[in-house]
Amino acid sequence: MLTLFYFVLASQVSAEENSVQSFLDKAEAFALWNLENVPSDPSNRLFNEQTAIDLGAKLFTDANLSRSGDTSCASCHMTGGKMIPNESRPALRDRKNRTVMSILGSGYQSFLFWDGRADSLWSQALEPLENPSEHNFTRTEVVSYVQEAYASEMKILGIPAVTEAKSILASPLGNRQQRAAWDALPNKARTGINHSFASIGKVIAAYEANLPVPYTDWEALLTSLKEKKRAPIANLEAIMKGFELFSGKARCASCHNGPLFSDGDFHNNGMPSLENTSPDLGKQSAVLRLLSNEFNCLGPYSDAVPEKCYDMLYQNRSIERSFGAFRTPSLRGVSKRERLGHAGQISSLEEMVRHYNVAPIGPYVALIGQEGASELVPLRLSDKEIFELIAFLETL
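Residues numbered from 1 in each chain as written. Predicted model: local features only at pLDDT ≥ 70, side-chain atom pairs only at ≥ 80, totals over all residues. Heavy atoms only, no water.

### Some points on the state of the cysteines
In protein chemistry, a disulfide is the covalent bond that joins the sulfur atoms of two cysteines.
Part 1 of the argument: Under the criterion given, the structure shown has one disulfide.
Part 2 of the argument: Between Cys 297 and Cys 309 runs a disulfide, and the two sulfur atoms are separated by 2.1 Å. For the disulfide bridge between Cys 297 and Cys 309, the dihedral angle about the S-S bond is near -75 degrees, and by the sign convention the bridge is left-handed. Of this pair, Cys 297 sits in the loop between helix 11 (287-292) and helix 12 (310-313) while Cys 309 sits in the loop between helix 11 and helix 12, and the two are twelve residues apart along the sequence.
Part 3 of the argument: Cys 73 carries a free sulfur, and the closest cysteine sulfur to it, the one in Cys 76, is 8.9 Å from it.
Part 4 of the argument: For Cys 73, a relative accessible area of 10% translates into the label buried.
Part 5 of the argument: Note on Cys 252: no disulfide assigned, nearest cysteine sulfur contributed by Cys 255 at a separation of 9.1 Å.
Part 6 of the argument: For Cys 252, a relative accessible area of 19% puts it in the buried group. (Disulfide = S-S within 2.5 Å. Helix = DSSP H or I, 4+ residues; strand = E, 2+ residues; numbered from the N terminus. Buried < 20%, exposed > 50% of the residue type's maximum accessible area, 1.4 Å probe, protein only.)

What follows is the structure, encoded as structure tokens:
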């Protein structure tokens, strides 16, 4: 009987080890140690310049880079000294009530913002500087402040000073007086200001793109299992089952794939509209804006030859592809977010999983017909499976 007991016990241990190994074989594709180096941006000559990265770090936290003197990039993108979006700052109407996306891993993305209206990290960095509810500077103020406060770094980076930017409030995106002042500038002066303005965006992008993505409990769990440590891992069975659901029946990994848990693409997932607001058209509302943006990869301030601007050259403009579609966010840190969804419509992970489980068609069908329907299909997960899936997501 004792021999049989040991045989049964050994069989159980072997089965458990096989189960863990099978889990690891699939799960490691989602570990950060398999994340490749951040790809260089051909449109940004400053991308790997250490002086640019160091200056970008200063600009990122410089609250003087705003009209109020109390708003920096970090105001929205940092919480408690960590690169966690600051959800206490409201997304006002001119930001279409959209939440702040994490910048960690943003150097791997081809398009930025929820709707993809910027095709590079440096182009994205420029928009908040002139946004009335964010930095609220004019373009000339941005250039004038940076070239005076950081003159030595700008000189090292070969960014010439533009004297026309001083003592003038001018911007093509400002109020009536600021637009008139911009139009009154000579063409050469406007071009020089734009070159410096673009370079400032490239400096900030160099810093943001090179930020390391921190390991989480997910990597700690995988490491523990790989090294066959015998210390018990809380909720391990539920986490493993949750990952199986994530990569299988629940189909989460069809969009949230790889070490960053995002395909970087755009999808209509039937998210409800905010109360008393019309449906947000998502990528559809941004396509023409992206193509006409003078700061895109094909624009005059890009450092790329046109042949390197693949994503712009082959931009899909179909309404079926972009109507109500939003960028797939990374799921890293998802359990720390107070609100989920592009406009913070969802209040918890459970509510989000149940949204996918039901798969509503979304608010767009009434506007344009079936092309606006959600890509989702009902998952038919049980309550037990929902909580297993959440147990996995909480490790991220």
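### With respect to the layout of surface pockets
Part 1 of the argument: Empty space within the second largest pocket amounts to approximately 980 Å³.
Part 2 of the argument: Sorting the residues of the lining of the second largest pocket by element identifies helix 3 (73-77), helix 4 (121-130), helix 8 (187-209) and helix 11 as the ones contributing at least two each.
Part 3 of the argument: For the lining of the second largest pocket, the element with the highest residue contribution is helix 4, accounting for eight residues.
Part 4 of the argument: Across the lining of the second largest pocket, the residue classes tally to 19 nonpolar, twelve polar and 13 charged. (1 Å grid on protein atoms, 1.4 Å probe; cavity = no way out; pocket = protein on both sides within 12 Å on 5 of 7 lines; lining within 4 Å. Points joined across faces, edges and corners; volume = space filled by probe spheres on them. Nonpolar A, V, L, I, M, F, W, Y, C, P; charged D, E, K, R; others polar.)

### Points about unusual backbone geometry
Part 1 of the argument: A positive phi is found at Asn 235, a non-glycine position, where the angle reads about 65 degrees.
Part 2 of the argument: Secondary-structure assignment places Asn 235 in the loop between helix 9 (217-226) and helix 10 (236-247).
Part 3 of the argument: The phi dihedral of Arg 380 is positive, around 60 degrees, even though this residue is not glycine.
Part 4 of the argument: Position of Arg 380 among the secondary structure elements: in the loop between helix 15 (365-368) and helix 16 (383-393).
Part 5 of the argument: Relative accessible area serves as the criterion here: at 66%, Arg 380 is assigned to the exposed category.

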